[in-house]
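# Coordinate analysis (summary)
Each chain, written out:
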Amino acid sequence: MTASDLSKQDRTGRPFPVSWDQFHRDCRALTWRLNEVGPFKAVIAITRGGLVPAAIVARELGIRVIDTVCIASYDHDKQEALQLLKPISADIVALGAGTGEGVLIVDDLVDTGATARVVRDMMPAAHFATVYAKPLGRPLVDTFITEVSQDTWIYFPWDLGLSFQPPMKDGAG
Ligand SMILES: O=P(O)(O)OC[C@H]1O[C@H](OP(=O)(O)OP(=O)(O)O)[C@H](O)[C@@H]1O
Ligand SMILES: Nc1nc2[nH]cnc2c(=O)[nH]1
Ligand SMILES: [Mg+2]
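Residues numbered from 1 in each chain as written. Chains lettered and ligands numbered in written order. Predicted model: local features only at pLDDT ≥ 70, side-chain atom pairs only at ≥ 80, totals over all residues. Heavy atoms only, no water.

### With respect to the site of ligand 2
- Every residue near ligand 2 is listed here: Tyr 74, Leu 109, Asp 111, Lys 134, Trp 153, Ile 154 and Phe 156.
- Within the contact set of ligand 2, an oxygen atom lies 2.8 Å away from a side-chain nitrogen or oxygen of Lys 134.
- Contact between ligand 2 and Ile 154: a nitrogen atom at 2.7 Å from a main-chain N or O atom of the residue.
- Taken together, the residues that form the shell around ligand 2 break down as 5 nonpolar, no polar and 2 charged. (Near = heavy atom within 4 Å. Polar contact = N/O pair within 3.5 Å; in protein donor to acceptor, adjacent residues only side chain to side chain. Nonpolar A, V, L, I, M, F, W, Y, C, P; charged D, E, K, R; others polar.)

Structure, rendered in structure tokens:
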């Protein structure tokens, strides 16, 4: 087995698990920053990871016009060719005068920046926000809350479950 056979998650090895409480706090912190940048006419969530932060941010900002752009690039933890499954809706494109002016795009994180680059090209004047950012993707994001190192793998609460933890004396930790 070579290094390229390993999933990105296995190669990175630095786990960063996020609880629902922490995620909610981080989304609210993100909204504090966005509140100073807006107002926004609509929110676009990059599915699927952007759906939860978009709901929290839209709730806090009082925005009820919410659209999705559906993109898949990772099969669980393996980066694959990026697929556009659903584009931004025509009425949201029209709302932002075709450029995204006054529109807020939300995703959970930016890693290599490949997803962000594709969506940014669709709406160059939109404001792009993520909760977490890794260094390679960071230049593509206008507002984010926490930067983690490139070799970190973020585990979101919707991908986690409660499980037994062996005591530290047995080698855990
Ligand atoms: O900066 P990048 O290297 O493009 O990676 C970031 C993207 O990867 C994840 O989505 P994923 O494609 O795994 O789909 P999901 O949101 O449905 O989990 C994450 O939610 C971002 O959208
Ligand atoms: N859950 C998760 N998905 C990702 N997609 C790209 N990077 C990551 C990451 O760190 N965590
Ligand atoms: Mg995603």
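Read on, since the account is not over.
### Concerning the packing of aromatic side chains
- A complete count under the given rule lists 7 aromatic pairs for this structure.
- Relative to Trp 158, the ring of Phe 23 has its centre 5.2 Å away and its plane inclined at 85°; by these criteria the two rings are edge-to-face. With Phe 23 in helix H2 (residues 20-35) and Trp 158 in the segment after strand S8 (152-155), the pair connects residues that are 135 residues apart, well separated along the chain.
- Owing to a relative accessible area of 0%, Phe 23 belongs among the buried residues under this scheme.
- By relative accessible area, Trp 158 is classed as partly exposed at 29%. (Phe/Tyr/Trp six-rings, centres within 6.5 Å; stacked < 30°, edge-to-face > 60°. Helix = DSSP H or I, 4+ residues; strand = E, 2+ residues; numbered from the N terminus. Buried < 20%, exposed > 50% of the residue type's maximum accessible area, 1.4 Å probe, protein only.)

### A look at the side chain of Thr 47
- Mapped onto the elements, Thr 47 comes out in strand S2 (residues 42-47).
- Beyond its immediate stretch of four places on either side in the chain, Thr 47 contacts Thr 68, Val 69, Cys 70 and Ile 71. (Contact = heavy atoms within 4.5 Å.)

### Concerning the UniProt feature "binding site: 5-phospho-alpha-D-ribose 1-diphosphate" (unreviewed entry) in the protein chain
- Sequence positions flagged by UniProt for "binding site: 5-phospho-alpha-D-ribose 1-diphosphate" (unreviewed entry) are, in local numbering, Arg 48, Gly 49, Asp 107, Asp 108, Leu 109, Val 110, Asp 111, Thr 112, Gly 113, Ala 114 and Thr 115.
- With respect to the helices, strands and loops of the structure, Ala 114 is situated in helix H5 (residues 114-122).
- On the accessibility criterion, Ala 114 (24% relative accessible area) is partly exposed.
- Not counting the four nearest positions on each side in its chain, Ala 114 is found in contact with Gln 79 and Leu 82.
- Relative to the helices and strands, Thr 115 resides in helix H5.
- Thr 115 has contacts with Ile 46, Ile 71, Ser 73, Leu 82 and Asp 107, leaving out every residue within four places of it along the chain. (UniProt positions renumbered as here; feature names shortened; annotations may be inferred.)

### Quick word on H2
- Taking 1.5 Å as the rise per residue, H2 with 16 residues should run 22 Å; its terminal C-alpha atoms sit 22 Å apart, in good agreement.
- Among all positions of H2, only Phe 23, Asp 26, Cys 27, Leu 30, Thr 31 and Leu 34 are buried. Relative to the axis of H2, the buried residues are bounded by an arc of 145° and lie together on one face. H2 presents Asp 21, Arg 25, Trp 32 and Asn 35 as exposed residues on the side facing more than 90 degrees away from its buried surface. (Expected span 1.5 Å × (residues − 1). Arc of directions from axis to C-beta.)

### Some details on H5
- Considered for burial, the residues of H5 that qualify are Thr 115, Ala 116, Val 119 and Arg 120. Considered in projection along H5, the buried side chains sweep an arc of 125° and stay on one side of the axis.

### Concerning the pattern of salt bridges
- Evaluation of the coordinates by the stated rule reveals 7 salt bridges.
- Linking Arg 28 and Glu 60 is a salt bridge whose minimum nitrogen-to-oxygen distance equals 3.1 Å. Here the residue Arg 28 occupies a position in helix H2, and Glu 60 occupies one in helix H3 (residues 51-61), the gap between them amounting to 32 residues.
- Here Lys 86 makes a salt bridge to Asp 67, at a shortest N to O gap of 3.2 Å. Of this pair, Lys 86 sits in strand S4 (residues 78-86) while Asp 67 is found in strand S3 (residues 66-75), placing the two residues 19 residues apart along the sequence.
- What you see here is one network of salt bridges that share partners, running through Arg 28, Arg 59 and Glu 60. (Salt bridge = Lys/Arg side-chain N within 4 Å of Asp/Glu carboxyl O.)

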